[in-house]
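In case you want the letters, here they are:
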Amino acid sequence: MLRASVVPVVVLGAALGLTGCGGGSGGPAADGLSSTDTGTSVASSLGTNAGASTGNSTGGNSGTTTDTNVAPGGGTADSGGAGTSTTADTGISSGSGSNGGTTTGDAACPDLSRCVDFTALRIAKYKDNKRAAASYTFDDGYATSTAIGSIFEKAGLRATFYIIPGVIPADGWSMWQALRDKGHEIGNHSMTHPDFVNTVMSDQQLDTEINGAQRLIEQKLGIRPQTFAFPYHLYTDRALKVAQQNHVAVRKMNLGDPGYQFAFFDTDHGTDLAGTLVTVNRQLDEVVKAGGWFVAGGHGIDGDGWSPVTTEFLQKHLAYAAQYSSTLWTDTFANVSRYRLCRDTVKAEVLLQSSTQAYVRLTGTYDPAVCNAPLTVTVPVSIPSGAALHTKTADGTEVPNWVSAGTAFFNLRPGDKISLQVVPATKFAK
Ligand SMILES: [Zn+2]
């Protein structure tokens, strides 16, 4: 399922030359192209380029396969597990050069739109162009949450803890502050853990259970919980509406998304832990294959809390999941929810500044309070050998990009823009 948004190409600046660098020709003009009144033959230039083949015209990357994920140069928080990442063999690296190389003489690609297929600019389905996502959630705030957190930290990962603020004693918040400081998500599991279906609640009670709990957690931790999980997975439409008003997402067992799988990390839904481990690992296999989202739901560990799993169970599962580290994005429920929401509301847009320089910016009708984390932008490229794609922010800061199988990737925050140039690798590297 393609979740990406098609991009209108907006032309700001100069005419595009026809001397290219290996792009094909003859493709039809892409729908949705628009041009400003530069009076040049911009549309036809772009149209000529729209059918450009990017897969086999560069020297370096023709041997890679299309579904290989390459980790970005900068590394990410979820890159902890053992992986099978393929390194891009294009000779292109994110580098740290400082030369903007803005003149045409520096450009390794005199007609940028022939080297970068802006008509196919997209936002990747998941961060870093990973194929699928996984989030691990633990409910009720048991004492072993700290131990759970450290199991994830050792794997380079972060988990989500849904806590019940109404039952936390005044001196009981330090463990949640510590988990917050380690980068784990502290989510809202209601004020007192009621059954929202079988308890009659006034509007006031509903507000206290959901919004009051959110406010109390924010007051204690200084961070407003972004996601909510209903106790027992039970909710009414009325309660769901209240939860959705002030939370980015609500954790559910079903999302109406065929790739989504909720995995029970407990002994209540399986005969024994060994069998449960097989079940959840198989669920993960299916999610990775489908390009979906695996959401684990557990409680405590090692005898603590309701139907707990064990340290060994978590470690074995994470070791199994590590085989997918190059294709699976593991992050908190909030971070994955946010990415999924924003990839559908944010649009990537191209601004052609000149024949050798373009800007990409993320725009659209998104909520800036929610879509404030980088999204991964993908664009097919055909980089001449000996050249490199150069991406930097308006203030000149280098932004890492990586190229795999004829596609370039970089992370960009909604509202920000980045300049793209193709420059000789030697110049770029100095
Ligand atoms: Zn619960």
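Refer to the structure above for everything that follows.
1. What to know about the coordination of the zinc ion
Working reference: metal with six octahedral donors, ideal angles 90 or 180 degrees; metal with four tetrahedral donors, ideal angle 109.5 degrees. Each protein donor to the zinc ion is listed here as Asp140 (OD), His189 (NE2) and His193 (NE2); together their distances run 2.0 to 2.1 Å. For the zinc ion, the single-chain donor residues occur in sequence as D-x48-H-x3-H. Using a relative accessible area of 1% as the deciding quantity, one classes His189 as buried. Residue His193 is classed as buried on the basis of its relative accessible area, which comes to 17%.

2. Concerning the pairing of strand 13 (residues 375-380)
In terms of burial, strand 13 is a largely internal element, six of the six residues being buried. Covered by surrounding structure in strand 13 are Leu375, Val377 and Val379 together with Thr376, Thr378 and Pro380, the residues of both alternating faces. With two bridges connecting them, strand 2 (residues 122-123) and strand 13 associate as antiparallel partners. Bridge pairing in strand 13 links Ile123 to Val377. Direction of pairing for strand 13 relative to strand 16 (residues 407-412): antiparallel, over a ladder of six bridges. Each bridged residue has a counterpart across the sheet, and for Leu375 the counterpart in strand 16 is Leu412.

3. Remarks on unusual backbone geometry
Of note, the phi angle at Ser190 is positive, near 85°, even though the residue is not glycine. Here Ser190 lies in the loop between strand 5 (185-188) and helix 5 (203-221). Since its relative accessible area comes to 0%, Ser190 is described here as buried. Backbone geometry places Asp302, a non-glycine residue, at a positive phi of 55°. With respect to the helices and strands, Asp302 occurs in the loop between strand 9 (293-298) and helix 8 (311-321).

Rules used throughout
- Residues numbered from 1 in each chain as written.
- Predicted model: local features only at pLDDT ≥ 70, side-chain atom pairs only at ≥ 80, totals over all residues.
- Heavy atoms only, no water.
- Donors = N, O, S within 2.8 Å, 3.2 Å for Na, K, Ca; no water.
- Buried < 20%, exposed > 50% of the residue type's maximum accessible area, 1.4 Å probe, protein only.
- Helix = DSSP H or I, 4+ residues; strand = E, 2+ residues; numbered from the N terminus.
- Pairing = 2+ DSSP bridges.

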